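Summary of structural features
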Amino acid sequence: MSQADPRRSVPRTDVLLAHPALVAAADRHGAGAVRSAVRSAQARVRAGEIAPGEVVAAAQAALPARSTTLRPLLNATGVVVHTNIGRAPLSDAAIEAIGAAAGYVDVEFDTATGARARRGRGTLDALRAAVPGAGDALVVNNGAAALVLATTALAAGREVVVSRGEMVEIGDGFRLPDLIASTGARLREVGTTNRTRLADYAAVVGPDTGCVLKVHPSNFRVEGFTSAASVQELATLGVPLVVDIGSGLLGPDPLIPDEPDATTVLHDGATVVTASGDKLLGGPQAGLVLGEAATVERLRRHPLARALRVDKLTLAALEATLRGPVSPVTAYLHADGEGLRARTERLAAVASGDVVAVEGRVGGGGAPGVPLPGWAVALPEACAERLRRGEPGVVARVERGRCLVDLRCVPPDRDGDVEAAVLSALDELDELARGKSTREG
């Protein structure tokens, strides 16, 4: 090989690793990842693919754009609480709180006395303030965990009485009967799929009853010849009443009047309420337990509670959600229709698309069947895939052979990013069409 061969001038690894750009990259991605990227770039020089002077740039390009494989997406589906893309987007206040909690914090430490303190006391205070009817509160790692903890603590080795019409599947194949069985409790079904009366419960409640469980069906509705015992009625049975409201609505919302909320359910006589924190509440993934102080304390003292407890980041984000400004979820649910239309028309003008009326959804099992009237830009169906693959990724809805871009759940200051993504997708389709025309010609 000639001495002039540029491949012989590949920079040394130690010299490359000392380059300021790669030192900064190591601080972000770790020394091992940067060393691997450098070696790959050096191999490309030896193979004649790039020049020796391009090694640093090639190594930088080979590193991931982010420190996580999770990819940020813009939600243009019109579904507010979209489980597959992360449910509730956090507020700026919650994001700031996570940053503050990332280091050492007084999560269960009293700085005044130097002694151990109640874990997450600020978050629990915020929950009690948000639901004054709750004697106490507890936070675990998700809604299903809250329900499992409640039924385990109250009914392990005993019976949990539940209506057949509330034997739901909560998603991804997880079914209520299986969850209850995992607690060591026995499920006692009463009534029928469409009609369950107070008398059905009363007929089986006895010394072996650990609790009565009422579950909000969440993501489906049974209509027609139906009836169900109310919380007020079930509270008269003389046994603990656990009500799983699912979506985490803490107080009534006139937009979704049929969605149960913790304040009303507790007022009607529930012993404890369980719910998710990352749905209508708009916070991080968490399971909420609210209710009678003695019962909540019983759950807190159960050994399973330690396995289900949340970390400091979740506690911080949840507290900021409860104390802070309106969450994105609430803002998107109550988005101004005229404002949405104006934004949609601007996007349509840029993309030469059509403005069409659409119905968004609450999502996450909340308020099934309740439409959220709005507007979307209709584009060719093939745009949907290109929008998902773009940077930033935009998830739109495909319906009747069209790609519908709904701005309801897109922050207004990101409209420009959606416009750029749409134009890029349309340009890609045009290039494909021109290439096909050339080949056919």
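By convention here, each chain's residues receive numbers from 1 onward along its written sequence. Per-residue local features are limited, in this predicted model, to residues with pLDDT of at least 70; the limit for side-chain atom pairs, both in listing and counting, is 80 or more; totals at the level of whole chains, interfaces and linings are taken over all residues. Water and hydrogen atoms play no part in the side-chain values, which are based on all heavy atoms of the structure.

Worth spelling out the cut-off: UniProt positions are given in the numbering used here, feature names are shortened, and annotations may be inferred rather than shown by experiment.
Going by what an unreviewed UniProt entry lists, the protein chain is known as L-seryl-tRNA(Sec) selenium transferase and is assigned to Humibacillus xanthopallidus. You can read under Function (unreviewed entry) in the UniProt record for the protein chain the words "Converts seryl-tRNA(Sec) to selenocysteinyl-tRNA(Sec) required for selenoprotein biosynthesis." Per UniProt, the protein chain carries the Pathway (unreviewed entry) text "Aminoacyl-tRNA biosynthesis; selenocysteinyl-tRNA(Sec) biosynthesis; selenocysteinyl-tRNA(Sec) from L-seryl-tRNA(Sec) (bacterial route): step 1/1."

What about the overall build of the protein chain?
Rules: Put simply, DSSP H or I for four residues or longer makes a helix, DSSP E for two residues or longer makes a strand, and each gets a number counted from the N terminus. Every residue pair with non-hydrogen atoms within 4.5 Å of one another is taken to be in contact.
When helices and strands are counted, the protein chain shows 18 helices and 15 strands. Taking the principal axes of the C-alpha coordinates as reference, the protein chain spans close to 95 × 60 × 35 Å. In the protein chain, the share of contacts with a sequence separation of at least 24, taken over all contacts with a separation of at least 6, comes to 72%.

Examining the sheet that holds strand β3 (residues 136–140)
Picture the strands of a sheet paired through backbone hydrogen bonds; they go either parallel or antiparallel. Put simply, the test is: Two strands pair under a simple rule: DSSP has to find at least two bridges between them. The convention used is that axes are lines fitted to C-alpha atoms, helices contributing only their stretch in contact, and that angles between N-to-C directions extend from 0 to 180 degrees.
Across the sheet, 7 strands lie side by side as β3-β11-β10-β9-β8-β4-β7; this open sheet has mixed pairing. What marks the edges here is a single partner per strand, and that holds for β3 and β7 (186–190). Taken over all neighbouring pairs, the strand axes of this sheet differ in orientation by 25° on average, direction set aside. Pairing analysis gives 4 bridges linking strand β8 (residues 209–215) to strand β9 (residues 241–246), with the strands arranged parallel. Within β9, the residue paired with K214 across the bridge is V243. Running over the sheet, helix α7 (residues 143–155) touches β3, β4 (159–163), β8, β9, β10 (272–276) and β11 (287–291) and is turned about 155° from β8. The sheet contacts of helix α12 (residues 293–301) involve β3, β10 and β11, and relative to β3 the element is tilted by about 30°.

Focus: the pattern of salt bridges
Put simply, the rule is: Within this document, salt bridges are pairs made up of a side-chain nitrogen of Lys or Arg and a carboxyl oxygen of Asp or Glu, the two lying within 4 Å of each other. Only protein chains enter the calculation, and the probe is 1.4 Å; a residue is then buried if its accessible area is under 20% of its type maximum, exposed if over 50%, and partly exposed in between.
As enumerated under the stated definition, the model contains 28 salt bridges in all. A salt bridge links R301 to E297; the nearest nitrogen and oxygen atoms lie 2.8 Å apart. Linking R301 with E297, this pair stays in helix α12, spanning 4 residues, or about one helical turn. Between R341 and E345 there is a salt bridge, and its shortest N-O distance comes to 3.0 Å. In this pair, R341 and E345 both sit in helix α16 (residues 337–351), 4 residues apart, roughly one turn of the helix. Overall, the relative accessible area of 31% leaves R341 in the partly exposed class.

Comments concerning helix α3 (residues 31–46)
This is how it is decided: Helix span, expected: 1.5 Å multiplied by one less than the number of residues in the helix. As used here, the arc belongs to the directions running from the helix axis to the C-beta atoms.
If you check α3, its first and last C-alpha atoms are 23 Å apart, about what 16 residues at 1.5 Å a residue would give, namely 22 Å. Looking at α3, one finds that the buried residues are V34, A37, V38, A41, Q42 and V45. Down the axis, α3 shows its buried residues gathered within 140° of arc, on one side only. Looking at the packing, one finds that the buried side of α3 touches α1 (13–17), α2 (20–29) and α4 (55–62). Immediately beyond the C-terminal end of α3, within one or two residues, lies G48, with a positive phi of roughly 80°.

Side note on the state of the cysteines
Here is the rule: Disulfides are defined in this document as cysteine sulfur pairs within 2.5 Å.
Evaluated as defined, the whole model comprises 0 disulfides. With no disulfide of its own, C383 has C403 as its nearest cysteine by sulfur position, at a separation of 5.6 Å. Note on C383: relative accessible area 0%, which makes it buried.

A closer look at α16
Taking 1.5 Å per residue as the helical rise, α16 with its 15 residues ought to reach 21 Å, and the 21 Å between its terminal C-alpha atoms agrees with that figure. Buried within α16 we find L340, R343, T344, L347, A348 and A351. Projection of α16 onto a plane perpendicular to its axis shows the buried side chains occupying an angular sector of 140°, all on one side. Set apart from the buried face of α16 by more than 90 degrees, the exposed residues are E338 and A349.

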